[in-house]
Structures are given as structure tokens and as C-alpha cells.
Amino acid sequence: MKTVEEIRETIQFQFPKGFWWGSSASATQTEGAADKDGKGQNIWDYWYEQEPSRFFNDVGPGDTSQFYSRYKEDIALMKYIGHNSFRLSISWSRMFPNGVGEVNAKAVEFYNDVINEMIANEVEPFVNLYHFDMPMAMQDIGGWANRKVMEAYVEYAKTCFTLFGDRVKKWFTHNEPIVPVEGGYLYDFHYPNEVDFRKAVQVGYHTILSSAKAIQVYKELNLDGKIGIILNLTPSYPRSQHSADLKASNIADAIFNRSFLDPSVKGEFPDELVSILKEEGFMPVIEKGDLDLIKSNTVDLLGINYYQPRRVKAKENLPNPEAPFTPERYFDNYVMTGRKMNPHRGWEIYEKGIYDILINVKENYGNIECFISENGMGVEGEERFRDKEGVIQDSYRIEFIREHLKWVHKAIQEGSNVKGYHLWTFMDNWSWTNAYKNRYGFVSVNLDKDAERTVKKSGYWFKKVSQDNGF
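Scope of this entry: the structure provided in the associated data block.

The rules behind the values
- Residues numbered from 1 in each chain as written.
- Predicted model: local features only at pLDDT ≥ 70, side-chain atom pairs only at ≥ 80, totals over all residues.
- Heavy atoms only, no water.
- Helix = DSSP H or I, 4+ residues; strand = E, 2+ residues; numbered from the N terminus.
- Rg over C-alpha atoms; globule rule 2.2 N^0.38 Å.
- Contact = heavy atoms within 4.5 Å.
- Areas by Shrake-Rupley, 256 points an atom, 1.4 Å probe, with all protein chains shown as cover.
- Lys, Arg positive; Asp, Glu negative; His and termini not counted.
- Charge placed at Lys NZ, Arg CZ, Asp CG, Glu CD.
- Salt bridge = Lys/Arg side-chain N within 4 Å of Asp/Glu carboxyl O.
- Buried < 20%, exposed > 50% of the residue type's maximum accessible area, 1.4 Å probe, protein only.
- Core = buried A, V, L, I, M, F, W, Y, C linked by side-chain atoms within 4.5 Å.
- Axes fitted to C-alpha atoms, helices over the stretch in contact; angles between N-to-C directions.
- Left-handed = near helix turned anticlockwise from the far one by under 90°.
- Nonpolar A, V, L, I, M, F, W, Y, C, P; charged D, E, K, R; others polar.
- Pairing = 2+ DSSP bridges.

## A short note on the overall build of the protein
Here is step 1: Helix and strand counts for the protein come out as 16 helices and 17 strands.
Here is step 2: On C-alpha atoms alone, the protein measures out to a radius of gyration of 22 Å, which is about the 23 Å that the 2.2 N^0.38 rule sets for 471 residues.
Here is step 3: Look at the contacts in the protein between residues 6 or more apart in sequence, and 76% of them connect residues 24 or more apart.
Here is step 4: For the protein, the accessible surface area stands at approximately 19200 Å², while carbon and sulfur atoms represent 49% of it.
Here is step 5: Of the side chains in the protein, 56 bear a positive and 67 a negative charge, and the two mean positions are spaced by 3 Å.

This is the structure:
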């Protein structure tokens, strides 16, 4: 029989003491109870009502994983599978049914209960304020395109800091803020389904400004936690070292990554992006004092979501001058021969990308404290991997996590200030228009059996990794 010391010695990838092991989720994707206890409609509730056929199998946000009523059971499971931290989001439209006005007492009670339950189970709450879920009343007056909505968001943020900031020590202003810009105003995969580059730029600009304003308020309240932002950083790899391909990848990086990374960490927008916006006549409306405010209120902590790389090449053909303006005016996407794929989601798997991001943040962003806030693998039809005992044998997910963690470990060895790894996600959840098509969780949710929870093989594996602080 091996001693504890001998077992420890066999761990090849040891992580720093206090490493954050856990997962991430969002309110709209897990809570359910979309119209209960005074919650107002958000854009997802409204859009589903209008066009249910846009959602896989017509499954809407009211049918999500019932975290609202089952959070105690779920938090106990988090603890059981080795979580010492978990990122959730607060629903703005649950807190403020109309986006502004009087706070909903039932919502305050719910989030207090969740936070307290997590702390009682030694799972640290990391709280994000905005995860794609604009209150419909705010969208009706223009959403992020309207400065009044930005001010309402800051008031909502201040309310959350005041109510929960005594216990929550890790706050995030936005999750993947580029996504509502892309989905809602460029590529038609989020409500309000507009294709309008000018509006997209204004929405992105106000989102960054809202983040800086929320950070300013947090600092003014003298709370003893940290506040950051969560960005999906997708490294842009050029097809070749040809100057035209390099230029294309640099522009893609400026538009999709540095547009939010630079102002969040450095307090200023990338020159390449500003040049394009000026040249094309798409500069946002900027009011006096805005840029100083962004400069003075940068993040303490950076959450990094990584799923896949972006591979680009120089344009092959001239764009249609009559077509709506999109970033692809400057580059084409490139399919690399021999790439490794997740066939279920249609995404490339490129584990080294996570290392490249961390080294970039170390070398070009002051080695700011950061963590992997999302990384994961969506698989369709996971039921076919369920064994006789009822456990889904998701060895592919274990391999996916392990291979990414090896690169995170390498970055740590080279001095990266990365403090944790959160999988997307804890339990199978509702994924926007994809609903439950692809499953991502450590825990399966059986919709046919009253959303019954069952830990997958990856959940048991993760429990061991967390206990050993390595593998």
C-alpha cells in the first residue's frame, strides 16, 4: 500500500497552493423560474415568446436546470466533486423587474440564500453581474446603445455590491461582452437581431464604459474584494507569415480580443481599432470625461474564457460594397488542414491556445492576476455514453480538460499569474438558442426525469484533481 507521500510523488502536474478549482454558469441558463417571484422579462424570455422555433427543440429559458429551487442540492454536489469556488451570475431582471426602480425583495432573499449556502459549503462565490440577459424594459429603450441603460446598470451593480459585498469578494462586471455585440448587432444570433455595425460599436463602447463606472462605484464603497471582467479571448492565428496574413490576424485580434482587453486592463483602446473606426466612419459617440473614467478604472482581476482558436488569412475576394459592414471586410476565416475537432460542436480543439493567451497576458498586460473562467466541451447525445450504473462515461471531456490544464501548468511554470481553472459548466445547462442540444457539465441533467442530477465520470475525476491539487 502506498503512503500519502508516495501518491503525491506520482502527481506530475502540481498546481500552486490555493488554486481555484470549480466551474461557471449563468442565471438565465440555470435558474429557470423565469416568471416566478416577481422576476421581469429579459430579452431571452421575450425572444422565445416571439420565435420559439429559433431555439433547439423549442426549449425556452423557463425550462432550464431549476437551480432556483434546487440550489441547496446543487451546491452540496459542487462541494462533493471538489469545487472550492463557483462563478454564478445575478439576473438583473430578477433584481429589478423593469431594470430600474424598486429592488425585488424575493430576488435579494434568493441570492442571499445562495451566497450563504455556498460559503457554508466552503465554495467561494465569484459573482458576475451581466451575462447576456438584458431586462426587456431596458432593451425597449435601446439596450446598451442608450446611455440611460448604462446608468441603470451601474445602479443595479451598486445595489448588488451593497447587499452582497460583505460576503462576495470576487466580482465581475460582464461576461464575454463581445458576444452581445456580435450576436445582437452583427451576426443575428442574439436578440435584438440587428445587423448594424455603427450600433454594434456604440453598444461595445457603452459596455466598456459601464464596466469602468461599476468599478469606480465598487472602489468608492471601500469593499475589501476584487473586481474584474470576464473576456472570451480567442487567439488569432495567421495562415502564414506573409505580411497580408499577419495584418489580417492583427486586425481580427484588435476587433475581437483587444477591443475589450485593452480598455479593461490598460485603460485605453487599441490604436489599430481606433484607426479602422475613424477610417470607415464608425467612431462611437464619446462624451467628455468618458475616456478619463475608463483610464482610471481598470480591473483587478481578469477572467479568461477559452474554447477555440481563430484562424485567419488575407481577403481572397473584394467585399460586396452593398452588403452590411462586418469585421470580415478585413480578413477571411481559414480552415487549417489536419486540425483536431470536436465533431459534436464543430469547434477546433487547440489546447496550446490557452498557454498562448496566458503568456500574452503575462508579457503584454502586466501579468495581471487572472484565471481560466471558462473552458469546456459541448457534446450532443451524451446519453449514449451512459453505463449500466447510470454514469456517463465522458472520458473525452477528461482528456479535453487534462490537456488544457497541462498548458496552464506550463504557463504557471513560466511565471503566469493564473490562479484557477473553472470548467464550463457545473451541470448541463440551457445554452441560448442551442438549448440542451450540446451538454457541457460535470453533472448530467435528465430533463425527462424531473431534471435528475447524476455525476459524470469527469466529475469524479475532477474531485480527485481538486483533492490532489494536480494530476
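## Side note on the pattern of salt bridges
Here is step 1: Tallied over the entire structure, the rule returns 36 salt bridges.
Here is step 2: Of the charged contacts in the structure, one is a salt bridge between Arg239 and Asp245, with a shortest N-O distance of 3.0 Å.
Here is step 3: The exposure class assigned to Asp245 is buried, which follows from its relative accessible area of 2%.
Here is step 4: Taking the shortest distance from any N to any O, the salt bridge between Arg397 and Asp394 comes out at 2.8 Å. Like Asp394, Arg397 is buried.
Here is step 5: Shared partners join several salt bridges into a network, and the residues in it are Glu382, Asp394, Arg397, Asp428, Arg439 and Lys456.

## A closer look at unusual backbone geometry
In most cases, non-glycine residues show a negative phi, while peptide bonds are predominantly trans.
Here is step 1: In this structure, Pro192 follows Tyr191 across a cis peptide bond, with omega equal to 15°.
Here is step 2: Here Pro192 lies in the loop between α9 (178–185) and α10 (197–220).
Here is step 3: That bond from Trp424 to Thr425 is cis: its omega, 15°, falls within 30 degrees of zero.
Here is step 4: Relative to the helices and strands, Thr425 is located in the loop between β14 (418–424) and β15 (438–439).
Here is step 5: Although it is not a glycine, Asp37 sits at a positive phi angle of roughly 55°.
Here is step 6: Notably, Asn57 is not glycine yet its phi reads approximately 55°, a positive angle.
Here is step 7: In this structure, Asn57 sits in the loop between α3 (43–50) and α4 (67–80).

## Focus on the nonpolar core
Here is step 1: In this structure, Trp92, Met95, Phe164 and Trp171 are the most contacted members of the largest nonpolar core, which totals 137 residues.
Here is step 2: Examining the composition of this core, we find that 12 residues originate from one element, α10, more than from any other.

## Examining the packing of helix α15 (residues 395–413) against helix α16 (residues 457–468)
Here is step 1: Their axes nearest at 8 Å, the elements α15 and α16 cross at an angle of 35°. For the element pair α15 and α16, the recorded crossing hand is right-handed. Where α15 abuts α16, its residues Ser395, Arg397, Ile398, Ile401, Arg402 and Leu405 lie against Lys457, Ser458 and Trp461.
Here is step 2: Partitioning the contact of α15 with α16 into residue classes produces four nonpolar, two polar and three charged.

## Here we look at the pairing of strand β7 (residues 301–305)
Here is step 1: Counting buried positions along β7 gives five out of five residues, so the element sits mostly inside the fold.
Here is step 2: Taken together, the five bridges between strand β5 (residues 226–232) and β7 define a ladder with parallel strand orientation. Counted as the bridge partner of Ile230 is Gly303 from β7.
Here is step 3: Judged from the four bridges that link them, β7 and strand β12 (residues 370–374) form a sheet pairing that is parallel.

## A few points about the sheet that holds strand β8 (residues 310–313)
Here is step 1: In space, the three strands of this open sheet follow the order β6-β8-β9, with mixed pairing throughout. In this open sheet, the two edge strands, each paired with only one partner strand, are β6 (236–238) and β9 (332–333).
Here is step 2: The sheet contacts of helix α11 (residues 243–265) involve β6 and β8, and relative to β6 the element is tilted by about 175°.

## Examining the pairing of strand β2 (residues 85–89)
Here is step 1: The buried count for β2 comes to five of five residues, which makes it a mostly enclosed element.
Here is step 2: Residues Ser85, Arg87 and Ser89 of β2 are buried on one face, and the alternating residues Phe86 and Leu88, pointing to the opposite face, are buried as well.
Here is step 3: Of the strand pairs in this sheet, strand β1 (residues 20–24) and β2 are connected by three bridges, and their pairing is parallel. Its bridge partner lying in β2, Ser23 is registered against Phe86.
Here is step 4: Alignment of β2 against strand β3 (residues 124–128), held across five bridges, turns out to be parallel. Its bridge partner lying in β3, Leu88 is registered against Val127.

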